[in-house]
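# Topology and contacts: notes
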Amino acid sequence: MSNPTFDRIQATIDETPVVLFMKGTPVFPQCGFSARVVQILTHMGVPFSGVNVLEDMEIREGIKAFTNWPTIPQLYVKGEFVGGCDIVMEMFQSGELATLLAEKEVPHKAEA
């Protein structure tokens, strides 16, 4: 049986190389965790799209079930679920995020 909300989520993930399901927008994040991930991606020069889950309750609840991950934000890179704020932060600090972006051929600034 098809789930229309999952279909919408999958279409967004398929169409967008780097997508952040977040509270608010990249210009105006509405939670500290979403803001932190936006800061990291912006600092790294990663082109990404934000999906404001506050504007669509089906997406807000659906994304949690889609990944079986209870929190927002959620970052996807080239169709792969990366994680939430804590994981993205740890990956950024360890250099793993830059490695993943390079492997997936996502443009980003190399750290000095």
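Looking up the protein in an unreviewed UniProt entry gives the name Glutaredoxin, with the organism given as Roseomonas alba. Listed in UniProt under the heading Sequence similarities (unreviewed entry), the comment for the protein reads: "Belongs to the glutaredoxin family. Monothiol subfamily."

Among the secondary structure elements, Leu-54 is positioned in the loop between strand S2 (49–52) and helix H3 (57–67). Distance from Leu-54 to Lys-64, taken between C-alpha atoms, is 13 Å for residues 10 residues apart in sequence. Contact partners of Leu-54, with chain neighbours within four places excluded, come to Lys-23, Gly-24, Gln-30 and Arg-60.

Attention now moves to the pairing of strand S3 (residues 74–77). What you see with S3 is no split at all: Gln-74 and Tyr-76 on one side and Leu-75 and Val-77 on the other are buried throughout. Alignment of strand S1 (residues 18–22) against S3, held across four bridges, turns out to be antiparallel. The residue of S3 that forms the bridge with Val-18 is Val-77. Direction of pairing for S3 relative to strand S4 (residues 80–83): antiparallel, over a ladder of three bridges. The partner of Val-77 across the bridge, within S4, is Glu-80.

Taking 1.5 Å of rise per residue, 12 residues should cover 16 Å, and helix H1 (residues 4–15) covers 16 Å from first to last C-alpha, within 8% of that figure. Thr-5, Ile-9 and Ile-13 are the residues of H1 that are buried. The buried residues of H1 occupy an angular sector of 70° when the element is viewed end-on, so they sit on one face. Those residues of H1 that are exposed and angled more than 90 degrees off the buried face are Pro-4, Asp-14 and Glu-15. Packed against the buried residues of H1 are S1, H3 and S3.

Quick notes on the rules
Residues numbered from 1 in each chain as written. Predicted model: local features only at pLDDT ≥ 70, side-chain atom pairs only at ≥ 80, totals over all residues. Heavy atoms only, no water. UniProt positions renumbered as here; feature names shortened; annotations may be inferred. Helix = DSSP H or I, 4+ residues; strand = E, 2+ residues; numbered from the N terminus. Contact = heavy atoms within 4.5 Å. Buried < 20%, exposed > 50% of the residue type's maximum accessible area, 1.4 Å probe, protein only. Pairing = 2+ DSSP bridges. Expected span 1.5 Å × (residues − 1). Arc of directions from axis to C-beta.

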